[in-house]
Amino acid sequence: KAARISALEERNKFDVQPQKSAGFFSRITFWWVQPLLSLGSARPLRLDDLWIISERDHATITYNKVNDAWSTIRASHPDSRGPVTLTRALFKAFGGPYLFAGCMKLCADLTQFVAPYLLSQLIVFIGHGGDDQGGGIMKGLGIVSLMATCMVLQALFNNAYMFRIFREGTHVRSAVVSLVYRKSLRISNSARQSYTVGEIVNLQAVDAERIKQVLQHLHWLWAAPLM
């Protein structure tokens, strides 16, 4: 057992999160997580077993994205009297990956419509004694293969959607926390008297988490009617 744990520890040694160097198959199946999971099944994980997160997940990077988006929106509308909203800045910074995650969910939902159709075709095929309009056994095998493929694709698209939506939600949360913290350091003493320490901490802990949760479920506004 000790030799197995030593081998697993050796496999799990990465300088940074291995997703960045993972291949296509490893990314879509999340096989790049397997060394860490195998090590965790052999013994309790320690802090030094965890990988260094990728650069795009750093709070500094997410804050800079929102701050740059904020500055770009303000510069593109210099005559606008209205304030730059946080929603616009967040969408400009993280809207692309968030919409791409929505495409993954759309693909996963579409496979749900294909599976019942294939099942009905299989029932018709069996009802005709396995020889519905020719094709014989090969037609039945083809229908079953397509059904299995749909299930695999649905699982892959769903997993890709969940991973991306939770990741972007975490990016937004870390950016909002950083924005609130930086703002709390820059406000004047007179303005500071209007906000207690508890209110500022509440913005960072509770409200930022609520924004994250809203983003994780926002795609259900269009997806729920399709279900």
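Report on the accompanying structure.

Definitions and limits used
- Residues numbered from 1 in each chain as written.
- Predicted model: local features only at pLDDT ≥ 70, side-chain atom pairs only at ≥ 80, totals over all residues.
- Heavy atoms only, no water.
- Disulfide = S-S within 2.5 Å.
- Buried < 20%, exposed > 50% of the residue type's maximum accessible area, 1.4 Å probe, protein only.
- Core = buried A, V, L, I, M, F, W, Y, C linked by side-chain atoms within 4.5 Å.
- Helix = DSSP H or I, 4+ residues; strand = E, 2+ residues; numbered from the N terminus.
- Contact = heavy atoms within 4.5 Å.
- Patch = residues over 30% accessible without salt bridge, like charges linked within 9 Å, V, L, I, M, F, W, Y side chains within 5 Å.
- Areas by Shrake-Rupley, 256 points an atom, 1.4 Å probe, with all protein chains shown as cover.
- Salt bridge = Lys/Arg side-chain N within 4 Å of Asp/Glu carboxyl O.

## Quick notes on the state of the cysteines
What the rule picks out here adds up to zero disulfides. Not part of a disulfide, C107 finds its nearest cysteine sulfur in C103, a span of 6.8 Å. Here C107 falls in the partly exposed class, since its relative accessible area comes to 28%.

## Observations concerning the nonpolar core
Counting residues in each nonpolar core, the largest one holds 21 residues, and the members touching the most others are V66, L90, F94, V172 and V176. For this core, the secondary-structure elements that each account for two or more residues are α4 (59-76), α5 (86-127), α6 (136-186) and α8 (197-217). Here the element with the most residues in this core is α6; it accounts for eight residues. Those residues in contact with L90, other than ones at most four positions away along the chain, are V66, G95, V172 and V176.

## Quick look at a nonpolar patch on the surface
A cluster of nonpolar side chains, namely L106, L110, F113, W222 and L226, defines an oily patch on the protein surface of about 430 Å² accessible area. Here the nonpolar patch gets three residues from one element, more than from any other, and that element is α5. Structurally, L226 can be placed in the segment after α9 (220-223). Classification of L226 by relative accessible area gives partly exposed; the value is 36%.

Just geometry here; none of it tells us what the structure is for.
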